[in-house]
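Breakdown of the fold
Take a look at the letters that make up each chain.
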Amino acid sequence: MLYIIGLGLGDEKDITVKGLEAVRRCSHVYLEYYTSVLGADRGKMEAFYGCKIIEADREFVESGCDAMLEQSKTEEVAFLVVGDPFAATTHTDLYLRAVQNGAKVQVIHNASIMNAIGACGLQLYRFGETVSIPFFTETWRPDSFYDKIVSNRRAGLHTLCLLDIKVKEQSMENLLRGRKVYEPPRFMTVNQAISQLLEVEATRKQGAYDSSTLSVGVARVGQETQLIVTGPMESLQTVDFGAPLHSFVISGELHIVEEEMVKFYSVDNVDPPRLAPEPVQAESSDQSDEETS
């Protein structure tokens, strides 16, 4: 039996009772940690779950999990997923492969950002299509998400933006050379997302949003340090949202109850921590030297 178990968004204690009981029955427990991260390290999870946990990276899940699937035919195996198992298409693919491989599969659900974003006060049924915002590079600046935002905004719907994370990723040079050297983990911030979104708007110029558009920045949803701040994009760019994970919402039309929640979490009300202003470069002293000579 293969159990695909959602862990929720907080820490090791967010697992459901049913999920924990399944984990403690299993002879092998794997943790997928590249599509999201939990607010607890593996040591705390092992201590609470009472078992050894094997980390499963992208390479393992997408192309190297045959051994795990074979184990699940004769043993009880757990595959742990931060959030809900079906919030990422990668896990849908894993489910299908397991079933096609002849394994019995049981999915145990939990909270994910897809429903927990309701904590910001915007009603879930008023959201349109969710988009992903990838890290831009010097040579790759995709903007396919923009069309979906345009569609949502025209329909008066909110847009949940899932922000990119890079865990155990290789640089293009190391990838081409076949070297198993990995880059440090990176997690996109609300601030970076806004900068990229405004860059795309400046290029596409369809008026989907601008720096004054009402938005919501959230960080560490479901954890004790959860932060929710609403305001114009330009105001949220100055907020220090702290440690990952971050998500971002571009607001659509507001219901009266949503308006009250937006005011409650307003950047002017919650007084969030701010990013330090960029240092002002000193002007050249050439002119002053000339004036005093």
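This report concerns the structure included in the present document. Quick caveat: nothing in here was measured; it's all calculated off a predicted structure.

Taking strand neighbours across the sheet as the criterion, the five strands line up as 3-2-4-1-5 in an open arrangement whose pairing is parallel. The open sheet has two edge strands, strand 3 (54-56) and strand 5 (105-108), and neither has a second partner. In this sheet, neighbouring strand axes are inclined to one another by 25 degrees on average, regardless of whether the strands run parallel or antiparallel. Direction of pairing for strand 1 (residues 2-6) relative to strand 5: parallel, over a ladder of four bridges. Opposite Ile-4, over in strand 5, you have Val-107 as the bridge partner. Sheet contacts for helix 4 (residues 66-74): strand 1, strand 2 (28-32) and strand 4 (77-81); angle to strand 4, the most-contacted strand, approximately 130 degrees.

Our focus in this paragraph is the side chain of Thr-230. Relative to the helices and strands, Thr-230 resides in strand 11 (residues 227-232). Of the residues examined, Thr-230 reaches a relative accessible area of 1% and is grouped as buried. Side-chain polar atoms of Thr-230 contact the backbone nitrogen of Ser-266, separated by 3.2 Å. Those residues in contact with Thr-230 that sit more than four places away from it in its chain are Ser-215, Val-216, Leu-236, Val-262, Tyr-265, Ser-266 and Val-267.

Note that side chains of opposite charge can pair when their charged atoms are close. Following the criterion strictly, the structure yields ten salt bridges and no others. Close ionic contact of Arg-126 with Glu-258 constitutes a salt bridge, the shortest N to O distance being 2.9 Å. Note that Arg-126 is positioned in the loop between helix 6 (113-116) and strand 6 (131-133) and Glu-258 in helix 11 (residues 256-264), a separation of 132 residues in sequence. This pair shows no difference in class: Arg-126 is buried, exactly as Glu-258 is. Here Arg-141 and Glu-199 are joined by a salt bridge, their closest N and O atoms 2.7 Å apart. With Arg-141 in the loop between strand 6 and helix 7 (145-154) and Glu-199 in helix 9 (residues 190-204), the pair connects residues that are 58 residues apart, well separated along the chain. The class for Arg-141 is partly exposed, based on a relative accessible area of 42%. Owing to a relative accessible area of 32%, Glu-199 belongs among the partly exposed residues under this scheme. A network of salt bridges, in which partner residues are shared, links Asp-143, Asp-147 and Arg-204.

Reading guide: rules and limits
- Residues numbered from 1 in each chain as written.
- Predicted model: local features only at pLDDT ≥ 70, side-chain atom pairs only at ≥ 80, totals over all residues.
- Heavy atoms only, no water.
- Pairing = 2+ DSSP bridges.
- Helix = DSSP H or I, 4+ residues; strand = E, 2+ residues; numbered from the N terminus.
- Axes fitted to C-alpha atoms, helices over the stretch in contact; angles between N-to-C directions.
- Contact = heavy atoms within 4.5 Å.
- Buried < 20%, exposed > 50% of the residue type's maximum accessible area, 1.4 Å probe, protein only.
- Polar contact = N/O pair within 3.5 Å; in protein donor to acceptor, adjacent residues only side chain to side chain.
- Salt bridge = Lys/Arg side-chain N within 4 Å of Asp/Glu carboxyl O.

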